[in-house]
Amino acid sequence: MADDLEFDPQIDTSVPHSARMWNYWLGGKDHYQVDRDAGDQFRDAFPEIVNIARLSRHLLARMVGYLAGEAGVRQFLDIGTGLPTVDNTHALAQRVDPAARVVYVDNDPLVLAHARALLVGTPEGATHYIDADLRDPDRILEAAAGTLDFDQPVALMLMGILGYVQDSEDPYGIVKRLLDPLPPGSYLAMWDGANVVTGPALDEAQETLNASAAMPPYTLRSREQMAGFFDGLDLVDPGIVSITLWRPDPDPFGPPAEVDGLCGVGRK
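If you look the protein chain up in an unreviewed UniProt entry, it shows as S-adenosyl methyltransferase from Acrocarpospora phusangensis.

Here it is as structure tokens:
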């Protein structure tokens, strides 16, 4: 557990952090007691979160595979990186083209420490890390410009992060600011929590947890609200769907079941 690591004064272990909670749900070991307590509280209210965490990793592989393969994108700006696991964005992209360039962004010192140590890319490509918050798009863009060429297409990856940006913080404006300097041929790839399966019980659980201040508040958005992030972009088939239904791998037993997470990819 991260509790056993040498204490880093930059890491606030008094409040849970979303990246460490996701690591806990994924079965990792980079989390503190506060993250486990908050993670258990949410899992008790919504047990499916563990399955969604794992399914989101498979979605990342499919989306990066599409973007680096069929779409031919060679640059990725991955915001809300989370703690390193198997097949991170740079590994997936550089498997298609070793010269791919990837910039990771997160605001947790533990994530950045692990990223710098573990997320080492190919000699031909580039892998860089920025300590910044999604709510500060100008800082992100300025720092990313040192690695990415904004005259060439970039894939903006927002995987499971926008729910932590409340409506009062203008999430749509933040996404627009990040997309504005990217040239035509760039993409937005994202997924986030939604309530498309569970119904009122999930809304009630999320509202209770948000009010408790035991974990970072999270906003579940509808399909229509998710579509708003893609205004002005051309949605890639199959559009905005459950994370299990975006270009799933072939399955002889038919399409997978929907879960409470929606995703999409749009081309500028």
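Draft legend 1. Structural context of the nonpolar core. Core analysis: the biggest nonpolar cluster contains 76 residues, and L67, F76, L77, L158 and L188 have the highest contact counts within it. Leaving out residues up to four positions away in the same chain, F76 has contacts with V64, L67, A68, T89, A93, R101, V102, V103, L148, V154, A155 and M157.

Draft legend 2. Molecular detail of the side chain of Q94. As for its position among the elements, Q94 is in helix α4 (residues 89-96). On the accessibility criterion, Q94 (7% relative accessible area) is buried. A distance of 3.1 Å separates a polar side-chain atom of Q94 from the backbone oxygen of A100.

Draft legend 3. Layout of empty space enclosed by the protein. Across all of its chains, the model carries one cavity of 30 Å³ or more by this definition. As a volume, the largest cavity reaches approximately 170 Å³. Among the elements of the structure, α1 (18-25), α3 (49-68), β5 (187-193) and α8 (200-212) are those that each provide at least two residues to the lining of the largest cavity. Among the residues making up the lining of the largest cavity, the classes are represented as 13 nonpolar, two polar and one charged.

Draft legend 4. Highlighting the environment of R43. Relative to the helices and strands, R43 is located in helix α2 (residues 33-45). By relative accessible area, which is 32% here, R43 ends up partly exposed. In sequence terms R43 and G261 are 218 residues apart; their C-alpha atoms lie 15 Å from each other. Residues contacting R43, with those up to four places away along its chain left out, are Y24, W25, I49 and V50. Of note is the side chain of R43, whose polar atom sits 2.8 Å from the side chain of D40.

Scoring rules and cut-offs
Residues numbered from 1 in each chain as written. Predicted model: local features only at pLDDT ≥ 70, side-chain atom pairs only at ≥ 80, totals over all residues. Heavy atoms only, no water. Core = buried A, V, L, I, M, F, W, Y, C linked by side-chain atoms within 4.5 Å. Buried < 20%, exposed > 50% of the residue type's maximum accessible area, 1.4 Å probe, protein only. Contact = heavy atoms within 4.5 Å. Helix = DSSP H or I, 4+ residues; strand = E, 2+ residues; numbered from the N terminus. Polar contact = N/O pair within 3.5 Å; in protein donor to acceptor, adjacent residues only side chain to side chain. 1 Å grid on protein atoms, 1.4 Å probe; cavity = no way out; pocket = protein on both sides within 12 Å on 5 of 7 lines; lining within 4 Å. Points joined across faces, edges and corners; volume = space filled by probe spheres on them. Nonpolar A, V, L, I, M, F, W, Y, C, P; charged D, E, K, R; others polar.

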